[in-house]
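Structural characterization, general
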Amino acid sequence: MNDQQGSAVLGMTFMMLLLGAALLNTTLQHLSASLLLVADERQHIIDFHQAQSALTWGLRLRWHESETWQCQYERHYHWRACIRAVTAQRWLLRGESHATQPALSLWQWVKPAYQGQLTVLKHGWIDFCPLADADECDIDVK
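Residues numbered from 1 in each chain as written. Predicted model: local features only at pLDDT ≥ 70, side-chain atom pairs only at ≥ 80, totals over all residues. Heavy atoms only, no water.

**Digging into the sheet that holds strand β1 (residues 70-74)**
Neighbouring strands of a sheet are bound in pairs by backbone hydrogen bonds; such pairs are parallel or else antiparallel. As a reminder, the rule being used: Any two strands between which DSSP finds at least two bridges are classified as paired. The secondary structure listing takes helices from DSSP runs of H or I that are at least 4 residues long and strands from runs of E that are at least 2 residues long, numbered from the N terminus. Axes here refer to lines fitted to C-alpha atoms; in helices the fit is confined to the stretch in contact. Angles between the N-to-C directions go from 0 to 180 degrees.
Spatially, five strands are ordered β1-β2-β3-β4-β5 in an open sheet, and the strand pairing comes out antiparallel. The sheet terminates laterally at β1 and β5 (118-126), the two strands that pair on one side only. Adjacent strand axes in the sheet meet at a mean angle of 25 degrees when their direction is disregarded. In the sheet, β1 pairs with strand β2 (residues 79-87) via five bridges, with the strands oriented antiparallel. For Gln-70, the partnering residue across the bridge sits in β2 and is Ile-83.

**Side note on the pattern of salt bridges**
Rules: For this analysis, a salt bridge means a side-chain nitrogen from Lys or Arg found within 4 Å of a carboxyl oxygen belonging to Asp or Glu. Exposure classes here rest on a 1.4 Å probe applied to the protein chains alone. A residue is buried below 20% of its type maximum, exposed above 50%, and partly exposed in between.
Following the criterion strictly, the structure yields three salt bridges and no others. Put simply, Arg-84 and Glu-136 hold a salt bridge, and the shortest N to O gap is 3.4 Å. One end of the pair, Arg-84, is in strand β2; the other, Glu-136, is in the segment after β5, with 52 residues separating them in the sequence. Note on Arg-84: relative accessible area 16%, which makes it buried.

**So, the nonpolar core**
Heads up, the condition is: Think of a nonpolar core as a cluster: buried Ala, Val, Leu, Ile, Met, Phe, Trp, Tyr and Cys residues, connected wherever their side-chain atoms sit within 4.5 Å. Note on contacts: a residue pair qualifies if any of its non-hydrogen atoms lie within 4.5 Å across the two residues.
Trp-63, Ile-83, Trp-91, Leu-93, Val-110 and Leu-118 are the most contacted members of the largest nonpolar core, which has 14 residues in total. When residues of this core are traced back to their parent elements, those giving at least two are α1 (2-60), β2, β3 (90-97) and β4 (104-112). In this structure Leu-93 touches Leu-55, Gly-58, Leu-59, Trp-63, Cys-82, Ile-83, Leu-106, Trp-107, Gln-108, Val-110 and Leu-118, once residues within four positions along its chain are discounted. Counting 11 residues, the second-largest nonpolar core is a separate cluster that includes Trp-109, Cys-129, Leu-131 and Cys-137.

Okay, here's the thing in C-alpha cells:
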C-alpha cells in the first residue's frame, strides 16, 4: 500500500510540474507580445518627437515663396523640413522623421515674415495633411 501512495504523490508532482511549465510558456508568450507592443510604441514616440523637432527646425530656416514643395534635410538627426506656399500669407510647413519608413509627418500652418523667416499661425499645428487633394501632400512625387 505504501508503494501506491508514493506513485500517486509522484504522479501529482509530475502533473504540477506540467501545469507550471504550461503556465510559464503562456506567460512567456504574453511577455513577448507585450515587448513588441512596447517597442513599437517607443519607436512611434521617438518618430513623433523627431517630427516635432523638424517642425521647430524648419521654423528657424530661411525659405523663399514657392508653389511647389521645397525641402531641407538634416542628416545628423534624420529629419526633413519642407514648405509650400498655399497662398501669399498662408504656407504649409511639414516636419518629417526619417528614422523609420514610412516617415512620420506633422504639419504647421505658418506665414512669411521678414527676410524668409516664418511666423506660426494660431491653432495651425496638425497631425495630418490639411490639403484637399491628397496628391498635393506627397512631397516625393513629381
